[in-house]
Amino acid sequence: MGDLTNPKVIKLKGFLFLVAGILASVLLLIDSPNLRTVALLVIAIWSFCRFYYFAFYVIEHYVDPGFRFAGLGSFLRYWWQRRKKGETKD
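Residues numbered from 1 in each chain as written. Predicted model: local features only at pLDDT ≥ 70, side-chain atom pairs only at ≥ 80, totals over all residues. Heavy atoms only, no water.

Caption draft 1: Layout of the overall build of the protein. Counting secondary structure elements, the protein contains three helices and zero strands. Start at the N end of the protein and walk to the C end: the helices and strands fall as α-α-α. Radius of gyration (C-alpha) of the protein: 17 Å, far over the 12 Å computed for a compact globule of 90 residues. Dimensions of the protein, computed from the C-alpha atoms along their principal axes, are close to 45 × 35 × 20 Å. When each of the 90 residues of the protein is scored for burial, the buried share is 16%. A sequence separation of at least 24 residues applies to 3% of the contacts in the protein between residues at least 6 apart. For the protein, the exposed area adds up to about 7800 Å²; of that, 68% sits on carbon and sulfur atoms. (Helix = DSSP H or I, 4+ residues; strand = E, 2+ residues; numbered from the N terminus. Rg over C-alpha atoms; globule rule 2.2 N^0.38 Å. Buried < 20%, exposed > 50% of the residue type's maximum accessible area, 1.4 Å probe, protein only. Contact = heavy atoms within 4.5 Å. Areas by Shrake-Rupley, 256 points an atom, 1.4 Å probe, with all protein chains shown as cover.)

Caption draft 2: Examining helix H3 (residues 72-85) more closely. Over its 14 residues, H3 extends 20 Å from the first C-alpha to the last, a length consistent with the 20 Å expected when each residue adds 1.5 Å. Within H3, the full set of buried residues consists of Ser74, Phe75, Tyr78 and Arg82. When H3 is viewed along its axis, its buried side chains cluster within an angular range of 100° and face the same direction. Seen from the open side of H3, the exposed residues pointing more than 90 degrees away from its buried face are Arg77 and Lys84. In this fold, the buried residues of H3 make contact with helix H2 (35-63). Just beyond H3, the residue with positive phi is glycine 86, at close to 80°. (Expected span 1.5 Å × (residues − 1). Arc of directions from axis to C-beta.)

Okay, structure coming up:
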């Protein structure tokens, strides 16, 4: 499957991700309507957003400016290859 290039389809895909996230959050809160669930959900969403930012922006602009990521799979391959070569001290 090739790269997605149609702007309308890209926007639709983004909107569907938003709808899926809202639906999953609402169903989780309906299943367990308490403050702890809300707090954990907020922390999880915030943490995943920060990881996504790290995987794309921080790595690309500060760690390895020559590398361009195509997705989270690309980031994981990049990290694994660097780790196998012994380039990181993680």
